[in-house]
Amino acid sequence: MYEMRGLQMKVFDQKKEIIDKYVEYGVFTEEKTQKIKSHMDECFHKLEENRFIPNWDNMHIKHGDEY
């Protein structure tokens, strides 16, 4: 579980860096950035609660996308 936590944390940190770049380029406002990062933190917390096992039943799949 610790290995998965570390990998997931890296991914989330990189995504946050990308969001910060969008702010730098003027694509996102600080307010929008805080909302996005807050949502990401909630997602990370949920993943952590589920021991980093994705809940495939709650995945949002567009119509026509079949796995």
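Residue numbers run consecutively from 1 along every chain, following the written order of its sequence. At least 70 in pLDDT is required for a residue's local features to be given in this predicted model, at least 80 for side-chain atom pairs to be given and counted, and no such filter applies to totals for whole chains, interfaces and linings, which use all residues. As a rule here, side-chain values come from all non-hydrogen atoms in the structure, and water together with hydrogens is ignored.

To continue, consider the packing of aromatic side chains. Only Phe, Tyr and Trp rings are paired, with Trp represented by its six-membered ring, and only when their centres lie within 6.5 Å; those with planes under 30 degrees apart are stacked, over 60 edge-to-face, the remainder tilted. Scanning the entire structure with this criterion turns up 3 aromatic pairs. The interplanar angle of 80° and the centroid separation of 5.3 Å between the aromatic rings of phenylalanine 12 and phenylalanine 44 together place this pair among those described as edge-to-face. Residue phenylalanine 12 is found in helix 1 (residues 2-24), and its partner phenylalanine 44 is found in helix 2 (residues 30-49); the two are separated by 32 residues along the sequence. Summary of the burial criterion: residues with accessible area below 20% of their type's maximum are buried, those above 50% are exposed, and those between are partly exposed, where the area comes from a 1.4 Å probe applied to protein chains only. On the accessibility criterion, phenylalanine 44 (11% relative accessible area) is buried. Cluster of aromatic residues (ring-pair linked, three or more members): Phe12, Phe44 and Phe52. Segments assigned H or I by DSSP are reported as helices when at least four residues long, segments assigned E as strands when at least two residues long, and all are numbered from the N terminus.

It is worth spelling out the environment of phenylalanine 52 at this point. Structurally, phenylalanine 52 is set in the segment after helix 2. Considered as a pair, phenylalanine 52 and tyrosine 2 are 50 residues apart in the sequence and their alpha carbons are 9.5 Å apart. Contacts: residue pairs with any heavy atoms within 4.5 Å of one another. In contact with phenylalanine 52, other than residues within four places in its own chain, are Met1, Met4, Arg5, Gln8, Phe44 and Leu47.

In the sections that follow, a salt bridge refers to a side-chain nitrogen of Lys or Arg positioned within 4 Å of a carboxyl oxygen of Asp or Glu. Summed over all chains, the structure comprises 5 salt bridges. The partner of arginine 5 in a salt bridge is glutamate 48, with the nearest N and O atoms 2.8 Å apart. Here the residue arginine 5 occupies a position in helix 1, and glutamate 48 occupies one in helix 2, the gap between them amounting to 43 residues. Using a relative accessible area of 29% as the deciding quantity, one classes arginine 5 as partly exposed. Given a relative accessible area of 27%, glutamate 48 falls into the partly exposed group.

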